[in-house]
Amino acid sequence: MTFIELAGIKIDDVTMDEAIARLNGFIMERSPHLIVTPNPEIIVSAQVDEELRNILNNSHLRLPDGISMVVVSRILMRPLRERVSGVDFMQKAMALASAKGYRVYLLGGAKGVANEAARKLRLQYPELQIVGARDGYFSKVEETSVVSGIRGVYPDILFAGLGMIRQEKWLANNLNELNVPACVGVGGSMDVISGTKQRAPAWIQALYIEWLYRLIMEPWRIKRQAALPKFLWLTLIKHGIMRTEWLKKLF
Ligand code: UDP
């Protein structure tokens, strides 16, 4: 499988169908795998966080979660074929799990959110085996019981929405202990699936302005969205366009 590098972070060039096939492969292999969903915010944070950078670059599958990453990759003439967002991947993975009888665990979100997501998913996929659901607000002391609670119900897929960076580190640090074939960091996807938060309508996504929609719905995100211009600077100017062959040929 091919990947590209954006500001030193590897991103896999996968389509949704290929990503789901890889997920299926991980489950059949049985050994623990980590799936991450890098977006511009994570890539910017990883510049100054070596632990995060190593986790992302050593993950078994890195989905291109943000449309800006696809756009940047095209400008750099190393095009990613499509955006594979965490929430869309999670939905498709449920269809796979339901069809194959895979066991699913939902971890993350405020109290009740994972249970509500589980309820909605069971309505959508009556055959789906959700073997556990719990919120993502637990202390360091509770961590061992959270891990053994997950391990003890033998999920095939663990979706963890514990907040960006925390979830990647938590999953990577507990990967072997959890012993789940596919561990996926999904950010706020649990909120979307439970209906706690609305996702931008399809036409807004098609115009590549989902970030603007989220900013209007959650104005406090402005601080987090400052990562987007930083990401563009890092990928297009600092590490990117100045080094592309077509620009070198031009001058
Ligand atoms: N979250 C959690 N535990 C925490 C911090 C956050 O479960 O200690 C959850 C939060 O309730 C929300 C999600 O993590 O559901 C937000 O993750 P992130 O900020 O990565 O998502 P985004 O909004 O960027 O999709």
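Everything below is about the structure shown above.
Okay, so let's go over this structure. Quantities reported herein were computed from a predicted structural model and do not represent experimental measurements. (Residues numbered from 1 in each chain as written. Predicted model: local features only at pLDDT ≥ 70, side-chain atom pairs only at ≥ 80, totals over all residues. Heavy atoms only, no water.)

**Regarding helix 6 (residues 113–124)**
Link 1 in the chain: Its twelve residues give helix 6 an end-to-end C-alpha distance of 17 Å, which sits within 8% of 16 Å, the value for a rise of 1.5 Å per residue.
Link 2 in the chain: Restricting attention to buried positions, one finds in helix 6 the residues V113, A114, A117, A118 and L121. An end-on view of helix 6 places all buried positions within 135 degrees of arc, on one side of the element.
Link 3 in the chain: Contacts made by the buried residues of helix 6 are with helix 5 (86–100), strand 5 (103–108), strand 6 (129–134) and helix 9 (189–194). (Helix = DSSP H or I, 4+ residues; strand = E, 2+ residues; numbered from the N terminus. Expected span 1.5 Å × (residues − 1). Buried < 20%, exposed > 50% of the residue type's maximum accessible area, 1.4 Å probe, protein only. Arc of directions from axis to C-beta. Contact = heavy atoms within 4.5 Å.)

**A few points about the pairing of strand 5**
Link 1 in the chain: In terms of burial, strand 5 is a largely internal element, five of the six residues being buried.
Link 2 in the chain: A crossover links strand 5 with its parallel partner strand 6, the connecting element being helix 6, and its sense is right-handed.
Link 3 in the chain: As defined by bridge partners, strand 5 adjoins strand 7 (residues 157–161) across five bridges and the pair is classed as parallel. Bridge pairing in strand 7 places L107 opposite A160. (Right-handed = clockwise from strand over helix to strand, strands pointing away. Pairing = 2+ DSSP bridges.)

**A short note on the packing of aromatic side chains**
Link 1 in the chain: Enumeration over the complete set of coordinates arrives at one aromatic pair.
Link 2 in the chain: Between F138 and W170, the aromatic rings sit 5.7 Å apart at their centres with planes inclined by 65 degrees, giving edge-to-face as the arrangement. You can see F138 sitting in the loop between strand 6 and helix 7 (143–151) and its partner W170 sitting in helix 8 (residues 166–178), a full 32 residues away along the chain. Of the two residues, F138 and W170, neither departs from the other in class, the shared state being buried.
Link 3 in the chain: R62 extends its terminal NZ or CZ atom over the ring of F3, reaching a point 5.8 Å from the ring centre.
Link 4 in the chain: Directly above the aromatic system of F138 lies the positively charged group of R166, at a separation of 4.8 Å from the ring centroid. (Phe/Tyr/Trp six-rings, centres within 6.5 Å; stacked < 30°, edge-to-face > 60°. Lys NZ or Arg CZ within 6 Å of the ring centre and 35° of its normal.)

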